[in-house]
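Per-entry structural report
Below, each chain spelled out in residue letters.
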Amino acid sequence: MFKHLLLALASTSLLLTAPAHADGSSGASLVLLTENFPPYNMAKNGKNFAKDENIEGIAADIVRETFKRAGISYNLTLRFPWERIYKLALEKPGYGVFVMARLPDREALFKWVGPLGPDDWVLLAKADSKIQLADLEHARRYRIGAYRGDAIAQTLEKQGLNPIVALRDQDNAQKLVDGQIDLWATGDPAGRYLARQVGVTQLRTVLRFNSAQLYLALNKEVPDDVVARLQAALDQLRDEGVVDQIMARYL
C-alpha cells in the first residue's frame, strides 16, 4: 500500500509541476521579468515586487496581448534591482526581461521581440538652471545622476562622464531638486513620469543625446520559432492599432 501511495503522490506531483502551454506544445512556459519603469512597466501597489495581474504599464499590456495572440504561455514577475533580472534573463534558458534598450553591445546576448516603445535619452535640469549644452562632451564638468545598471548610465561611464548612480531612477529627481546633482540622465517619457510620481515637476530638457527603442529580450536558448511567433503577433497588433491604443491609455 505504501508503494502505491508513493506512486500516486509522484503522479500528482508531475501533474502539478508540468509546464502549462497555451498552444499545447512541448517545452516550458517562458518566465518574464520586469522592473518598475513607468510608464512602461510598474507594480500597481508601487512596491518593488509584483506578479502577473498586479503589473501594469504600456509594455506590460503590449507583452500580454502579444503572448495571447501568439498562443504562448508565460508568467510575469516584477522584481528589483534591474541588474538582478538582467542577469537572470542572460543566464537562464526560458527567461526574458523587458523593457530593454537594444544596443550594439547587447545585440548578440539575447533574442529580441519589439519594439515595445521609444526611449529617448535626455539630460534634465531644474527649471531655473542656467546650464546650456551643445553636446554630451560639454556635460563633463557637471555632476550627472543616472540609474545604476541602466543602458544610459553604462553609456555615460564608457564615455568617461562618471555618473553618480542611484538604485532607483526616481531618486535622481529629488537629488536634482536638492542640488546633489546638476543634471539627470534619464529616458523620455519615463523620467518625467517618474518625477511626477515623487512630486517633482518643472524640469527642463538641457540635451537630447540619443534615441533608443525598447524591447523584450529573451534568453538565447529560447527557440527561434517561439521568437518568430511573438514578433509576428506584435507586428499584427501594431498594424491593427492595438499598440497605439495601449500607449494612449498611459500617455
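Refer to the preceding data block for the structure.
These figures come from a predicted structure and were not determined experimentally.

Right, let's talk about the packing of helix α2 (residues 58–70) against helix α8 (residues 242–250) for a bit. It is at 9 Å that the axes of α2 and α8 come closest, and there the two elements cross at 150°. Taken as axis vectors, α2 and α8 run roughly antiparallel relative to one another. For the pair α2 and α8, the sense of crossing is right-handed. Judged by residue contacts, Ile58, Asp61, Ile62 and Glu65 of α2 engage Val243, Ile246, Met247, Arg249 and Tyr250 from α8.

Attention now moves to empty space enclosed by the protein. This structure, assessed with the given rule, holds four cavities of 30 Å³ or more. Roughly 140 Å³ of internal volume is contained in the largest cavity. In terms of lining, the largest cavity is formed by 17 residues, of which the most central are Phe37, Val99, Asp119, Asp150 and Ala151. Breaking the lining of the largest cavity down by element, the ones donating at least two residues are β6 (95–101), β7 (111–126), α4 (151–158) and β10 (183–188). Among the elements that line the lining of the largest cavity, the one with the most residues is β6, at three residues. For the lining of the largest cavity, the per-class residue count stands at nine nonpolar, three polar and five charged. Approximately 80 Å³ is the volume found for the second largest cavity. Residue lining of the second largest cavity: Glu35, Asn36, Phe37, Asn48, Phe80, Tyr147, Leu167, Arg168, Asp169 and Gln170, and that is the complete set. Tallied by class, the residues present in the lining of the second largest cavity amount to four nonpolar, three polar and three charged.

A few words now on unusual backbone geometry. Note that the residue after phenylalanine 80, namely proline 81, is joined by a cis bond; omega there is 0°. Summarising the element assignment, proline 81 is placed in the loop between β5 (74–78) and α3 (82–91). In the segment running from glycine 114 into proline 115, the intervening peptide bond is cis, with an omega of 5°. Tracing the backbone through its elements, the reader meets proline 115 in strand β7. Of note, asparagine 162 is a non-glycine position whose phi angle comes to about 50°, a positive value.

With that settled, the discussion passes to α3. For α3, the full list of buried residues reads Trp82, Ile85, Tyr86 and Ala89. Seen from one end, α3 has its buried residues packed into an arc of 105°, which puts them on one side.

All right, on to the nonpolar core then. Grouped together as the largest cluster of nonpolar side chains are 57 residues, with contacts concentrated most on Leu32, Phe98, Leu116, Leu123, Leu183, Leu218 and Leu230. At seven residues, the largest contribution of residues to this core is made by α2. In terms of nonpolar packing, the next biggest core, distinct from the first, is built from 14 residues, Val31, Leu33, Trp112 and Tyr215 among them.

Calculation criteria
- In this convention, every chain numbers its residues from 1, walking through the sequence in written order.
- Totals for whole chains, interfaces and linings use every residue, but because this is a predicted model, local features are given only for residues with pLDDT of at least 70 and side-chain atom pairs only at 80 or more, for both listing and counting.
- Side-chain metrics rest on all non-hydrogen atoms present in the structure, leaving aside hydrogens and water.
- Every axis corresponds to a line fitted to the C-alpha atoms, with the helix fit spanning only the stretch in contact, and the corresponding angles, defined between N-to-C directions, vary from 0 to 180 degrees.
- By definition, any uninterrupted DSSP run of H or I lasting at least four residues is a helix, any uninterrupted run of E lasting at least two residues is a strand, and each is numbered from the N terminus.
- For this classification, under 35 degrees means roughly parallel, over 145 means roughly antiparallel, 65 to 115 means roughly perpendicular, and everything else is oblique.
- Here is the rule for handedness: rotate from the far helix to the near one, and if that takes an anticlockwise turn smaller than a right angle the crossing is left-handed, while a clockwise turn gives right-handed.
- Note on contacts: a residue pair qualifies if any of its non-hydrogen atoms lie within 4.5 Å across the two residues.
- Of the grid points, spaced at 1 Å and generated over the protein atoms alone, those admitting a 1.4 Å probe that cannot get out make up cavities, while open sets with protein on both sides within 12 Å along at least five of seven lines make up pockets; any residue with an atom within 4 Å of a point is treated as lining.
- Grid points are joined across faces, edges and corners, and a volume is the space filled by probe spheres set on the points.
- All residues other than Ala, Val, Leu, Ile, Met, Phe, Trp, Tyr, Cys, Pro, Asp, Glu, Lys and Arg, Gly among them, are scored as polar; the first ten of these are nonpolar and the last four charged.
- Buried, partly exposed and exposed residues are distinguished by accessible area as a fraction of the type maximum, computed with a 1.4 Å probe on protein chains only: under 20%, between the cut-offs, and over 50%, respectively.
- Along the arc lie the directions from the helix axis toward the C-beta atoms.
- Buried Ala, Val, Leu, Ile, Met, Phe, Trp, Tyr and Cys residues that are joined via side-chain atoms within 4.5 Å together make up what is termed a nonpolar core.

Functional significance is not addressed by these values, which are geometric in nature.
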